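Structural description and commentary
One letter stands for each residue in the lines below.
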Amino acid sequence: KKVGKLHAALSYLRKALKIELSLQTDDTTVAGTHLNICAILSKLDKHDKAVKHAECALQLIIARVGVAGDSTSQEEYSMLAIAYHNVAVEQDYMHQWDQAAQAYQQGHQVAKKCLGEQHPLTQTLGKNCEAAVQKSQKFPRDRPPVAPAPDRSRGA
């Protein structure tokens with residue numbers, strides 16, 4: 001990914017995901033692979049596919065945290081906040097601002113609790129949540145702004 005060979009990276013990550021699933025690898029590792037696939041698809045402007053991988057990661061981590069309860073690690077909480085962030089970013093790209101704001105808010109709450117107020121991810125999630133709320137209010141119903149239709153009543 002870092003050297004710009006996104007399609008090759010995507011291919012290797014998809015292979016890795018298949019192997020992880022066939023070996024019944026732990027959910028945290030599989031979620032991390034989904035997040036990496038999401039990041040690459042996002043760079044390729046395939047936000048509809050990217051959000052699906054982010055949502056898979058989110059579901060896996062939510063389930064893991066639910067099972068682990070009090071023994072949830074800092075790494076798992078960080079991954080949970082990142083998964084919420086990635087879901088929100090992809091929804092933001094697709095102009096789904098209400099949903100993005102909600103995911104940013106949930107990620108922000110997790111990050112605040114587990115990483116602290118001053119952590120960069122906590123601050124990013126908070127700022128992005130505010131921006132998504134503003135977009136949601138400016139452009140209601142999760143739709144991008146639409147230019148008015150030209151007036152064709154004159155001169156017909």
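Residues numbered from 1 in each chain as written. Predicted model: local features only at pLDDT ≥ 70, side-chain atom pairs only at ≥ 80, totals over all residues. Heavy atoms only, no water.

What the rule picks out here adds up to 2 salt bridges. Glu76 is paired through a salt bridge with Arg64; the nearest N and O atoms lie 2.7 Å apart. A residue pair is termed long-range when its members are at least 10 positions apart, and Glu76 in helix α4 (residues 74-93) and Arg64 in helix α3 (residues 47-68) qualify at 12 residues. The exposure class assigned to Glu76 is buried, which follows from its relative accessible area of 7%. (Salt bridge = Lys/Arg side-chain N within 4 Å of Asp/Glu carboxyl O. Helix = DSSP H or I, 4+ residues; strand = E, 2+ residues; numbered from the N terminus. Buried < 20%, exposed > 50% of the residue type's maximum accessible area, 1.4 Å probe, protein only.)

The subject of this paragraph is the packing of helix α5 (residues 97-115) against helix α6 (residues 120-138). Packing of α5 against α6 leaves a shortest axis separation of 8 Å and a crossing angle of 160°. Comparing their axes, α6 and α5 come out roughly antiparallel. The handedness of the crossing between α5 and α6 comes out as left-handed. Residues Trp97, Asp98, Ala100, Ala101, Tyr104, Gln105, Gly107, His108, Ala111, Lys112 and Leu115 of α5 pack against Leu121, Thr122, Leu125, Gly126, Asn128, Cys129, Ala132, Val133, Lys135 and Ser136 of α6. Considered class by class, the residues forming the contact of α5 with α6 number 11 nonpolar, 7 polar and 3 charged. (Axes fitted to C-alpha atoms, helices over the stretch in contact; angles between N-to-C directions. Parallel < 35°, antiparallel > 145°, perpendicular 65-115°, else oblique. Left-handed = near helix turned anticlockwise from the far one by under 90°. Contact = heavy atoms within 4.5 Å. Nonpolar A, V, L, I, M, F, W, Y, C, P; charged D, E, K, R; others polar.)

Here Cys129 is to be found in helix α6. Accessibility expressed as a relative area gives 8% for Cys129, which makes it buried.

Turning next to the confidence of the model for the protein. With 87% of its residues at a pLDDT of 70 or more, the protein shows a mean pLDDT of 87. Of all the helices and strands in the protein, α6 carries the lowest mean pLDDT, 88, while helix α2 (residues 27-43) carries the highest, 96. Long-range and interchain partners of residues 146-156, a stretch whose pLDDT sits below 50, account for 0 contacts in this model, where long-range means more than four residues apart. (pLDDT = per-residue confidence, 0-100.)

The α-helix winds at 3.6 residues per turn, so residues separated by three or four positions along the chain end up facing the same way. When the terminal C-alpha atoms of α3 are compared, their 31 Å separation across 22 residues agrees well with the 32 Å that a helix rising 1.5 Å per residue should span. Restricting attention to buried positions, one finds in α3 the residues His47, Ala50, Val51, His53, Ala54, Ala57, Leu58, Ile61, Val65 and Ala68. Around the axis of α3, the buried residues are gathered within 160° of arc, so they sit on the same side. Along α3, exposed side chains directed more than 90 degrees from the buried face belong to Lys52, Gln59, Gly66 and Val67. Turning to α3, the residues buried within the fold contact α1 (6-22), α2 and α4. Gly69, located one to two residues past α3, shows a positive phi value of around 60°. (Expected span 1.5 Å × (residues − 1). Arc of directions from axis to C-beta.)

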